[in-house]
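Topology and contacts: notes
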Amino acid sequence: MRLLYIETYKLFRQSRTYYAILALFFIEAIVLLSAYYQGTGIIDIVLANLKDTFYFQGKLLNGNLIIYFILNSFWFHVPLLCMIIVSGMLTTEYQEKTLQTVFMQPVVKWKYLLAKYIVASLFTIFLVLLLALTSFILSYGIFGKGDLVVYTNGLTFFEHDDAFYRLVYAFLFGTLSLVFFSVVSLTLAVLLKESFKTWIAAALFLIVSTLLLKIDLGNEVWNQIAFFKLNNTWQYFFNHDIEWNTIIINSVLMGLYILVTMLVGLFLFQKKDIG
Amino acid sequence: MIYCERVHKKYGKVRALHNVSISCGKGEILGLVGANGAGKTTLFKILLGLVTADSGEVEIAGDGAKKIGGIIEKPALYPYLNAHENLRLFAKMQGANSSKQDVEASLEQVGLPLNRTDPVRNFSMGMKQRLGIAVALLNNPSCLLLDEPFSGLDPLGIEALKQLILDLTQQTQMTILISSHIIDVLSTVCTNLSIIHNGEIVQTGATSTILAACTTSYSLCGSDIKKASFLSDYDTVSNGDCMTISASATEISDIIFKLSQQQIAITSCRPVLDLQQLFNPKEK
Amino acid sequence: MKLHGILLLFLYAANGFSQTAEEQVLFVKSRLDSIETFQADIKLHVDISFIKMPDKEALAVFKKGEDVVIKSEDFVLIPKRGLDLSFSELFEYPFMVVDRGEVEGQSTSLLAISILPSDNKADFSVANLHIDTQKQRITWAEINTKKDGAYTLRLTYPDSQAILPTKLDVSFEMDRIRIPLNFAGSDVSIDRKKIRAADQKTGKIRLALKYRNIEKTQ
């Protein structure tokens, strides 16, 4: 508990944490604006040939659709910024040699790093909650409520109440992916120690994971369990019928990946000399 | 007490330490002298538990949760926190007392002001060293390791730090091990010296004994020193108002006596160490 | 037209004479024309293969001579065709009636007829109807429009006297929908083969009507 408090204290005493949070909000604002301007055009295109057969009553460009757009754009810049901040929790300690000072005190190595993993995970969850909360407040406040339309092999419409819960669940379950990337970045920091090397490796990991998401591995089992295939579990909430079994299995698997990555980091850190 | 025997450490093909044994008892100040890259820092890291030796025995005796504290190279502190916050943080992480009173007591012990609230990045090197020592002293260790504590300090800073070290030994009977390449300073603080060269301890003993054995000349300074005609009997090298005279410890006393008889004032008398002798005592 | 209707009513009341197809159509038309206004709570159920939408509720307001107005707080898809329960668009211009003979209905026999407009201004080319000759109302219609393709209507009535249906199925043709890729979720695998293989899709909207009030001509 002491170590958790200390890590949290250090994290929020550094200005770069606030720069990162501000950067995320800035990006969110840009996404909000572009979603608004792009959204009208997209809806027009999507519904173009429905217009031959139907009249539309009610507005589709509403808060739910804006939140959905924000959610879709979430999965690169948010983990990237998280990875930079989280890896910095360790790389700056190597750089400034405060890690030496820490381990000249009677502090257990793996416990110290475990505290960093836990705080990194909690910080990531905190960021997602903050972004989700602001997305909901701003989107509903500016664009109002209404049906949500998504395209997943067909047009699916969700009424507002249903859409709200799906969006909330999508944020919640998608948070696991972000926690995984944060944990990976900290493990990379254990391996590489230097800030720039760790950022590059973390960014590469994120980019490759995003690219591999679309690749068919040719094996149904691997397509189900490979970690990069689990990063889009949140999308299952926008199928008409929510496949809870798949979501839960994917979430458990992601949890296991997080644990394994942490254990690898803890093992390496415990074995390695400091300095 | 700090004790290590036959410690070996290699980094790849580079031999950092070979068969190193040192011992420093309670209330003792041991100086570890060596050139840059001799292995001082590596040894300290092993003693502090930061690095694992390839072989050998290390023993740090003491009571309490923290037996040994130290500073490796420059004191590493959180630059965005102030002195109070740094101390409180390091105290808290090891379960030591971290109340405001305890923190202020630590600051006072090392002579740091209590009212300084700006972050540590604004501190001078001397203040950082003091704060580093305060952190090292948290949780009352019985041993203290200071790696190159005098480097980067001005003369006043060096004097203040020397006094602090002496006070610590006198007040707490702490075992202190200091490494430096500045022999002049170490010789005034340490009771014993160990000389390390190329990863090996080449000699160990009382400071006075070691220095005497390596002193083959003295540097005498005085405005009229050149007027001392008898100095031509000795091997001398002149440098302004100073003259380096090849003489033994006994001979130099005679020289000083003769100079005083000739009423030639001496402003300083400094032994000049034969570094070759210091680091390679077998090659005489 | 009005005189024609009265004459037919007289003939029907005499109850001893059989009617021609045209007479049947005109009689049904007169029944429908008697509706001045109505308001109905409707439940819309979309039955289109590539659209999943929950059932929606709306209010339909009809005024004779005007288009039906649908009001809803939610987003609703309102079919452009098929809400004209008075079938006024079929009878707007002069028309010919072709008798196609009898067809078997669920519990009654139906008269199949085709309505062919004589005027080019009409926006349909041919309309095929099934008329329940006993209850004097349309149970099925297939209307081939000139611009908007064909659509069919299946009407279900609550009782033998009702002029207006309580269930209406509107079926129509739909082209493939074009989806911009960057709208799709980040991992939507677009099954292009499936999309290409699909022919022109048909869709259906099911309306359940619950009338609040119906005003008829006296």
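Residues numbered from 1 in each chain as written. Chains lettered and ligands numbered in written order. Predicted model: local features only at pLDDT ≥ 70, side-chain atom pairs only at ≥ 80, totals over all residues.

1. Considering the overall build of chain B
Assigned secondary structure in chain B consists of 9 helices and 13 strands. For the C-alpha atoms alone, the extent of chain B along its principal axes is close to 70 × 45 × 30 Å. Taken across its 284 residues, chain B has 39% of its residues classed as buried. Sequence-distant contacts in chain B: of pairs separated by 6 or more residues, those separated by 24 or more amount to 70%. (Helix = DSSP H or I, 4+ residues; strand = E, 2+ residues; numbered from the N terminus. Buried ≥ 20, exposed ≤ 12 C-beta atoms within 10 Å, placed from the backbone. Contact = placed C-beta atoms within 7 Å.)

2. A short note on the sheet that holds strand 7 (residues 175–180) of chain B
All names here are of chain B. With respect to topology, 6 strands assemble into an open sheet ordered 5-6-7-3-8-9, the strand pairing being mixed. In the strand order of this sheet, the two ends are held by strand 5 (68–71) and strand 9 (200–206), each with one partner. For this sheet, the mean inter-axis angle between neighbouring strands, taken without regard to orientation, is 15 degrees. Direction of pairing for strand 5 relative to strand 6 (residues 143–147): parallel, over a ladder of 4 bridges. Residue pairing across strands places isoleucine 68 opposite cysteine 143, the latter belonging to strand 6. In the packing of helix 1 (residues 40–47) onto the sheet, the strands contacted are strand 3 (29–33), strand 5, strand 6, strand 7 and strand 8 (192–197), and the crossing angle to strand 6 comes to about 150 degrees. (Pairing = 2+ DSSP bridges. Axes fitted to C-alpha atoms, helices over the stretch in contact; angles between N-to-C directions.)

3. Points about the interface of chain A and chain B
On the chain B side, the residues contacting the 20 residues of chain A number 26 residues. Going through the elements one at a time, helix 1 (2–13) and helix 4 (98–103) of chain A are the ones with two or more residues in the side of chain A that touches chain B. Partitioning the side of chain A that touches chain B into residue classes produces 8 nonpolar, 6 polar and 6 charged. (Nonpolar A, V, L, I, M, F, W, Y, C, P; charged D, E, K, R; others polar.)

4. Let's talk about helix 6 (residues 160–192) of chain A
The first and last C-alpha atoms of helix 6 of chain A sit 47 Å apart over 33 residues, in line with the 48 Å expected at 1.5 Å per residue. Looking one or two places after helix 6 of chain A, you find lysine 193 of chain A, whose phi comes out positive at around 70 degrees. (Expected span 1.5 Å × (residues − 1).)

5. With respect to unusual backbone geometry
Phi is positive for lysine 97 of chain A, close to 65 degrees, though the residue is something other than glycine. You can see lysine 97 of chain A is positioned in the loop between helix 3 (63–96) and helix 4. Here lysine 97 of chain A falls in the partly exposed class, since 17 other C-beta atoms lie within 10 Å of it. Unlike most non-glycine residues, glutamine 263 of chain B shows phi in positive territory, near 55 degrees. Within the secondary structure, glutamine 263 of chain B sits in the loop between helix 8 (249–261) and strand 13 (268–273).

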